[in-house]
Amino acid sequence: MRERRAVWIVARHEYGRMVHRKAFLLMTFGLPLLYLVIFAFIIFFISRGSGMPLGYVDLAGVIPASPQMPEMFDREPPPVAFPDVESGKEAVRNGEIVGLYVLPSDYLRSGEVVLYVGERSPSEEEQSFFAEFIRCNLVSGVKDEAVRRRLLDGPRYVTRTVETGRLSGGVHVVGLAVAIGAAVVFYLLLMLSSNYLLQAVADEKANRTIEMLFTSISPRALIVGKGLGLTAVALTQLLSWGMMVVLGFLYFALRPGSSITLDPSLIPWGDLGIAFLFFLPSYLLLAAMMIALGAVSEDARQGQQLSAFLSLSFYAPLFFITQIITDPGGALAVGLSFFPTTAFLVLMIRRVMGVVPWWQVALSWVVLTASAAGMLIVAARFFRVWMLRYGSGLSLRKVREWLRGGRHA
Amino acid sequence: MADQPVVHVAHLQKRFGQVQAVADVSFEVFPGEIFGLLGPNGAGKTTTIRMMLDIFRPDGGAVSIFGGPMEEAKKPRIGYLPEERGLYRDPKLEPTLLYLAQLKGLEPAEARRRLEAWLRRFDLYEHRAKKVKELSHGMQQKAQLIAALIHEPELLIIDEPFAGLDPVNTRLVKTIIKEQAAAGRTVIMSTHQLHQVEALCERIALIHEGRTVLYGELAAIKQRFAGEAVEVAGEGDFASLAGVRSAQRVDGGWHLVLDAGTTPQVLLRQIAARDDLTVHRFEVAYPSLDDIFIAVVAGQEAVGHA
């Protein structure tokens, strides 16, 4: 009971200490905000309309005299019809229109449209608008609203696997995005946080609070508390980045003319749930490994050199990515699913590429979580060994000896 | 001392590589006393304390705290001011001390209440919102003392408590140590500043080169090393007394070293019998702890060289 309380106090203190650092605020909110601003800036300039209308010459006779406007593009000015190509070109030269689309007489057969541009070209948004403009006028003669809607929207693929009926196919791309996103976020966190994880007990070692802490709580309470606190820090970063992705997604989804559909059934809840479930123990394992290393390292340089080897074990899925993708049910992919440092990402990739039996997911999670908890205990023992050798250096022989004995750790 | 000892240390030994930091240290500390663990720098005091608190594992000997080995459950009963001082540097003073108090088992509200009183007592209340690194060395030392005291431990172990303190704060710390003992708490004070403990400790252990060279009640130890000299103030020629080996004028009085076989009582009877001598003050000249330490070390070395 007392130990649990101590773990909670240390975790809360560690979390508070980290989240009040300027570097944390910058990384958590500043970095994604910067990416978002840059992304939005680029999108804005790519898709920015000129405010000027587009022109067209319909030699194919597919656009009626009073054309219909696409529903999603209500902010675009209506395109201007020109009787011939020359007058349209003149309008481009004079800057009256941003571009001239010419639908040749054989358009219905060839599908080819010629675009004449002047100093600047229509934006992506404007091009999408004109494509939609042609499409909605082409189908304007169809009386049946449902048919007209299908022609405009096209089919929506929903594919299910034969064995489990689990959604795939249509949501495959989104699932892949989740897997890639999970990998990017995990490796980003690994890079950003391995240094401060390594330094988790360095502060106490450097500022000499270690003796006061050690005579107040057990090494295990201190290390487990720190591991949980730092994992909560990473989770905060993850959630804040996730929120920004969601906000960005909503922003683009709700924009006029957006092709992104806000359909909850398309969200791969299973993949997201697995990603979340596996992220926590994976990060806790990373934290415990780094804390253990930091606890016994005599200086920061030594710790950083050794941490590179530890990090490699998390990067292992990237070395075998081809084999995992081509044979997601093969021995290598399945084996790596049960190896704690690779389980998270290998499982995510395998789920995108095929079907992973639930027992494998469950067993992998149990192995991973047990490894993370076990590594925290090992880290506490390492820390205790360092403490016993306080002021007199540490040899691997001593670490081995104490790990075998494990007394008072 | 009829009580069970709070701390029992028997023949402790600890070696770091080629260095025998502690060779043979033994002592007992009883409830409610102020015990001095004394010795010069490098004598092995801090290593002994670390072994008592299970920070280090001894190579030999035994330690008993509160009647048994050091355990997690006993940690909240102990307050410790380590020799190697340190606090988190970037956080503010108040939350730092609240954190340490909670680790000792105090509830946040109670910790806050007690902390306010201690901060005021140590003149740190106005500085509570400052970052620890912005405080002076002395202020940081007082802050750490608060961390050792705030949970009202049954056993207070303070290693070099006066190092870095000015005379005003040294007096304050002495007062607090006395208050702790008066409240029934046991205090173990380790220091190399022997003169600082003369008015505080009832019993001491003097450690030299990792061994206990003197141990017991301070008064008895002083008594043991006294007896060969007296301090006298008065009128007349005290050097002419029989049994006085040498006489020195010190601060207007006399420091008389007696022959073997001459006791202060014999000398006092002589003075009383003589009309040409008037006494204003007569007392046995107790040696200081510094003198005793030098005498003991010199004696050891003499034996060692024999």
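Residues numbered from 1 in each chain as written. Chains lettered and ligands numbered in written order. Predicted model: local features only at pLDDT ≥ 70, side-chain atom pairs only at ≥ 80, totals over all residues.

Just checking my understanding: could you explain the overall build of chain A for this structure?
A count of helices and strands for chain A gives 17 helices and six strands. The long-range fraction of contacts in chain A, counting pairs at least 24 apart against all pairs at least 6 apart in sequence, stands at 75%. (Helix = DSSP H or I, 4+ residues; strand = E, 2+ residues; numbered from the N terminus. Contact = placed C-beta atoms within 7 Å.)

Would you take a moment to explain the domain arrangement of chain B for this structure?
When the parts of a complex come together, some accessible area is lost, and that lost area is often used as the size of the interface. Once the domains are mapped, chain B shows domain 1 (7-90 + 131-222) and domain 2 (227-285). For domain 1 of chain B versus domain 2 of chain B, the distance between C-alpha centres works out to 40 Å. (Domains from an automatic or database assignment.)

Quick question: what am I supposed to make of the packing of helix 1 (residues 2-19) of chain A against helix 10 (residues 219-253) of chain A here?
What describes two packed helices is the angle between their axes and the distance between those same axes. Residue and element names in this part refer to chain A. Between helix 1 and helix 10, the least distance of the axes is 7 Å, while the angle of their chain directions is 40°. As far as their axial angle goes, helix 10 and helix 1 are oblique. Where helix 1 crosses over helix 10, the two elements pack in a sense that is right-handed. Contacts from Glu3, Ala6, Val7, Val10, Ala11, Arg12, Glu14, Tyr15, Met18 and Val19 in helix 1 reach Ala221, Leu222, Val224, Gly225, Lys226, Leu228, Gly229, Leu230, Ala232, Val233 and Thr236 in helix 10. Among the residues making up the contact of helix 1 with helix 10, the classes are represented as 14 nonpolar, three polar and four charged. (Axes fitted to C-alpha atoms, helices over the stretch in contact; angles between N-to-C directions. Parallel < 35°, antiparallel > 145°, perpendicular 65-115°, else oblique. Left-handed = near helix turned anticlockwise from the far one by under 90°. Nonpolar A, V, L, I, M, F, W, Y, C, P; charged D, E, K, R; others polar.)

Is there a simple way to think about the interface of chain B and chain A in this case?
On the chain A side, the residues contacting the 25 residues of chain B number 21 residues. Ranked by residues supplied to the side of chain B that touches chain A, first place goes to helix 2 (residues 93-103) of chain B with four residues.

Would you explain the nonpolar core in this entry?
One broad trend across soluble globular proteins is that nonpolar side chains are buried collectively. Formed by 147 residues in total, the largest nonpolar core has its most connected members in A:Ala288, A:Ile291, A:Ala292, A:Met348, A:Ala379 and B:Met189. For this core, the leading source of residues is helix 11 (residues 269-296) of chain A, giving 17 residues. With near-sequence residues (within four places) excluded, B:Met189 lies in contact with B:Ile34, B:Gly36, B:Leu37, B:Ile158, B:Pro161, B:Ile177, B:Val197, B:Leu200 and B:Cys201. Listed in part, the 16 residues of the second largest apolar core include A:Tyr56, A:Val102, A:Leu103 and A:Ile134. (Core = buried A, V, L, I, M, F, W, Y, C linked by C-beta atoms within 7 Å. Buried ≥ 20, exposed ≤ 12 C-beta atoms within 10 Å, placed from the backbone.)

How should the pairing of strand 11 (residues 244-250) of chain B be read in this particular structure?
Remember that side chains alternate between the two faces of the sheet whenever the strand is regular. Residues and elements named next belong to chain B. With six bridges joining them, strand 11 and strand 12 (residues 253-258) adopt antiparallel strand pairing. Pairing of Ser246 across the sheet is with Val257, part of strand 12. Between strand 11 and strand 12, which pair antiparallel one after the other, the connecting turn spans two residues, and Asp251 there sits at a positive phi close to 50°. (Pairing = 2+ DSSP bridges.)

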